[in-house]
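Take a look at the letters that make up each chain.
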Amino acid sequence: MRQAEIYYQNNVAGIITENDEGYVFQYDEKYLKTENSKPVSLTLPTQKEPYESKILFPFFDGLIPEGWLLNIAVSNWKINPRDRFGLLLTLCKDCIGCVTVLPKEN
C-alpha cells in the first residue's frame, strides 16, 4: 500500500492511498475545519467521507507530465510508464499550480 500527502497551497489537504481495490482520497479533518479551505479539484469537492476509485482519480493523473518530459522522467528514474501512482509519487513534488504530492512514509 502506497500513500502520499496532498498539499494545497502548502497546507496538508488530505491523503491519497493506493490499495488492492484501487485508490482512496481522504481530506484531512483539520484541513476541512480550516476557514476558507478549498477543494484540491472541482471534481473532488471537500467532504468528510473518502473518495474511492478503481482507477487513479483523473485530477491526480492529470498532474503527471506528458510527452518528452514524461519520457525523460521514465528513463531517468526507471519507472514503468503504466505505474501511474509511482509516477505521481516521483514526479509531482513540485507541480505547476496549488497542489503538491509528497510520498508518505508508513
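### Comments concerning the nonpolar core
Residues I16, F25, V40, F60 and L88 are the most contacted members of the largest nonpolar core, which totals 30 residues. At the level of elements, β1 (2–8), β2 (11–19), β3 (22–27), α3 (67–77), α4 (84–91) and β5 (99–103) are the ones that each hand at least two residues to this core. The element contributing the most residues to this core is α4, with five residues. Setting aside anything within four residues of it in sequence, one finds L88 in contact with L56, F60, L63, I64 and V101.

### Comments concerning the packing of aromatic side chains
Within this structure, the stated rule accounts for six aromatic pairs. Consider the rings of F25 and Y27, whose centres lie 4.8 Å apart with planes at 75 degrees: the pair is edge-to-face. The pair formed by F25 and Y27 is uniform in burial state, with each residue classed as buried. Plain terms: the ring middles of F57 and F60 are 6.2 Å apart, the flat faces sit at 70 degrees to each other, and that makes the pair edge-to-face. When its relative accessible area of 7% is taken as the criterion, F57 is described as buried. Cluster of aromatic residues (ring-pair linked, three or more members): F25, Y27, Y31, F57, F59 and F60.

### Structural notes on α3
Listed as buried for α3 are L70, A73 and V74. All buried residues of α3 lie within an arc of 100 degrees about the axis, which places them on one face of the element. Set apart from the buried face of α3 by more than 90 degrees, the exposed residues are W68, N71 and N76. Summarising the contacts, the buried residues of α3 are in contact with α4.

### Quick word on the side chain of S41
By the secondary structure assignment, S41 is in the loop between α1 (29–33) and β4 (51–53). The exposure class assigned to S41 is buried, which follows from its relative accessible area of 11%. Filtering out sequence-adjacent residues up to four positions away, S41 remains in contact with Y27 and F59.

### Re the pattern of salt bridges
As enumerated under the stated definition, the model contains three salt bridges in all. Across the pair R2 and D83 runs a salt bridge, and its minimum N-O distance is 2.8 Å. Taken together, the residues span a long stretch of sequence, with R2 in strand β1 and D83 in the loop between α3 and α4 at a distance of 81 residues. Taking relative accessible area as the criterion, R2 reaches 30% and is therefore assigned partly exposed. Among the residues examined, D83 registers a relative accessible area of 23% and is labelled partly exposed. Its salt-bridge partner being R84, residue D61 comes within 2.7 Å of it at the nearest N-O pair. Of this pair, D61 sits in helix α2 (residues 58–61) while R84 sits in helix α4; the two residues are 23 residues apart in sequence, bridging distant segments of the chain. By relative accessible area, which is 26% here, D61 ends up partly exposed. Take R84: its relative accessible area is 23%, and that puts it in the partly exposed class.

What counts as what
Residues numbered from 1 in each chain as written. Predicted model: local features only at pLDDT ≥ 70, side-chain atom pairs only at ≥ 80, totals over all residues. Heavy atoms only, no water. Core = buried A, V, L, I, M, F, W, Y, C linked by side-chain atoms within 4.5 Å. Buried < 20%, exposed > 50% of the residue type's maximum accessible area, 1.4 Å probe, protein only. Helix = DSSP H or I, 4+ residues; strand = E, 2+ residues; numbered from the N terminus. Contact = heavy atoms within 4.5 Å. Phe/Tyr/Trp six-rings, centres within 6.5 Å; stacked < 30°, edge-to-face > 60°. Arc of directions from axis to C-beta. Salt bridge = Lys/Arg side-chain N within 4 Å of Asp/Glu carboxyl O.

Interpretation note: all reported values are geometric properties and have no functional meaning in isolation.
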